[in-house]
Amino acid sequence: MTFPGISVAPNPDDLLIFLAVARTGRFTTAAESLGLNHTTVSRRISALEKTLDGRLLARAVGGWELTELGERARTAAEGVESAVSLLRGSDDEAQQISGVVRMSATDGFSAYIAAPAVALLQRRHPLLRVEIVTVTRRALQHRSGLDIEVVVGEPQVHRAESILLGYYSLGMYASRHYLKAHGTPATIADLTEHPLVYFVDSMLQVDDLDAPRRLVPEMRESLSSTNVFVHVEGTRAGAGIGFLPCFMADQHADLVRLLPDDFQERLPYWMVLRTESLRLPAVAALVAALRVQMESYAPALLGRNVTTGTDPAN
């Protein structure tokens, strides 16, 4: 990659530092991944811009985006990165994936999909590090500092790649102890006599997760939390009837699924990532691992058939 009008070749080290900023969208995150301080990264980017006689980065909400010159510089930097990887001591080392991948996902996805996928990937690539932020929200329009987002519901984003991972089911659950003490609801109307364990309504950011309040608006709230593991454990403890992901609730023999024909909400998991993040081998490897784990876990995600002819409270 050449830069017309540039008489001095860019410093390869500066290009690699710029590549880290291009992939993360933030100086501080790039500095952390490179083991440098923020000031050094800023100074080296300024030096590279001076050499190339133009701006490489433009300020955006929450981070930085590449200019036209920045896109060309990124391509050149990737060439430097590839050339450096060929100088590693052995073929096995050259094929090793390393670095830090940062992702955000819901609590349940992080525990049952992401964690096993990362562990399996790290057996082949022990130098890979993955940082997971657990959060339930809409996809961000500007995801600087994050390589991958996993969200519930189809995202409406710009300048990003969106990939449908698969579906999971939610249902109404109660503990056997709770049902013995309070009775088993036989109809949707019966549910109005029981308290709901679910998300904090005023803090719920994902419209697709509003099913309980849409289908049974008369249910009074009992225990509310932004963390789905609290929903599961609160339901197991008898705080009320929980609207829970089947793949989490079905792990517990003390939980009974209620009215499965009436409550079989099916929602999609989508993955969103910056276009430039896909160029990073570590990100591409994690994306592939997440898709494999989703496929292998699909039956559990959709929930097992728990309909029986016996009283679930017994």
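Throughout what follows, the structure given in this document is the object of discussion. (Residues numbered from 1 in each chain as written. Predicted model: local features only at pLDDT ≥ 70, side-chain atom pairs only at ≥ 80, totals over all residues. Heavy atoms only, no water.)

1. Things to note about the overall build of the chain
Then step 1. Each helix and strand in the chain was counted, giving 13 helices and 11 strands.
Then step 2. Taking all 314 residues of the chain together, the buried fraction comes to 48%.
Then step 3. For the chain, long-range pairs separated by at least 24 residues make up 76% of all intrachain contacts whose partners lie at least 6 apart in sequence. (Helix = DSSP H or I, 4+ residues; strand = E, 2+ residues; numbered from the N terminus. Buried < 20%, exposed > 50% of the residue type's maximum accessible area, 1.4 Å probe, protein only. Contact = heavy atoms within 4.5 Å.)

2. Examining the nonpolar core
Then step 1. Grouped together as the largest cluster of nonpolar side chains are 63 residues, with contacts concentrated most on Met103, Phe109, Leu209 and Tyr269.
Then step 2. The biggest single contributor to this core is helix α12 (residues 281–296), with eight residues.
Then step 3. Among the nonpolar cores identified, the runner-up in size contains 22 residues, and Ala20, Phe27, Leu57 and Trp64 belong to it. (Core = buried A, V, L, I, M, F, W, Y, C linked by side-chain atoms within 4.5 Å.)

3. As for the environment of Val150
Then step 1. In this fold, Val150 is placed in strand β5 (residues 148–152).
Then step 2. Placed 13 residues apart in sequence, Val150 and Arg137 show a C-alpha to C-alpha distance of 9.4 Å.
Then step 3. Among all residues touching Val150, those that are not within four sequence positions of it are Met103, Ser104, Ala105, Thr106, Phe109, Leu165, Tyr269, Trp270 and Met271.

4. Description of the pairing of strand β9 (residues 241–245)
Then step 1. Summarising burial for β9: five of the five residues are buried, a large majority.
Then step 2. Where strand β6 (residues 160–175) lies against β9, four bridges are found, and the strand directions are antiparallel. By the bridge assignment for β9, Leu170 is matched with Pro245.
Then step 3. Examined bridge by bridge, strand β7 (residues 196–198) and β9 share two bridges and lie parallel to one another. Of the residues in β9, the one forming a bridge with Val197 is Gly242. (Pairing = 2+ DSSP bridges.)

5. Points about helix α2 (residues 27–34)
Then step 1. Buried within α2 are the following residues: Phe27, Thr29, Ala30 and Ala31.
Then step 2. Next to the buried residues of α2 lie α1 (12–24), α3 (38–52), β1 (57–60), β2 (63–66) and β3 (99–105).
Then step 3. Looking one or two residues past α2, Gly35 carries a phi angle of roughly 75°, positive in sign.

6. Here we look at the packing of α1 against α3
Helix-helix packing is described using two parameters, namely the angle between the two axes and the distance between the axes.
Then step 1. Where α1 meets α3, the closest approach of the two axes is 9 Å, and the angle between their N-to-C directions is 115°. The chirality of how α1 crosses α3 is left-handed. Contacts from Asp13, Asp14, Leu15, Ile17, Phe18 and Val21 in α1 reach Val41, Arg44, Ile45, Ala47 and Leu48 in α3. (Axes fitted to C-alpha atoms, helices over the stretch in contact; angles between N-to-C directions. Left-handed = near helix turned anticlockwise from the far one by under 90°.)

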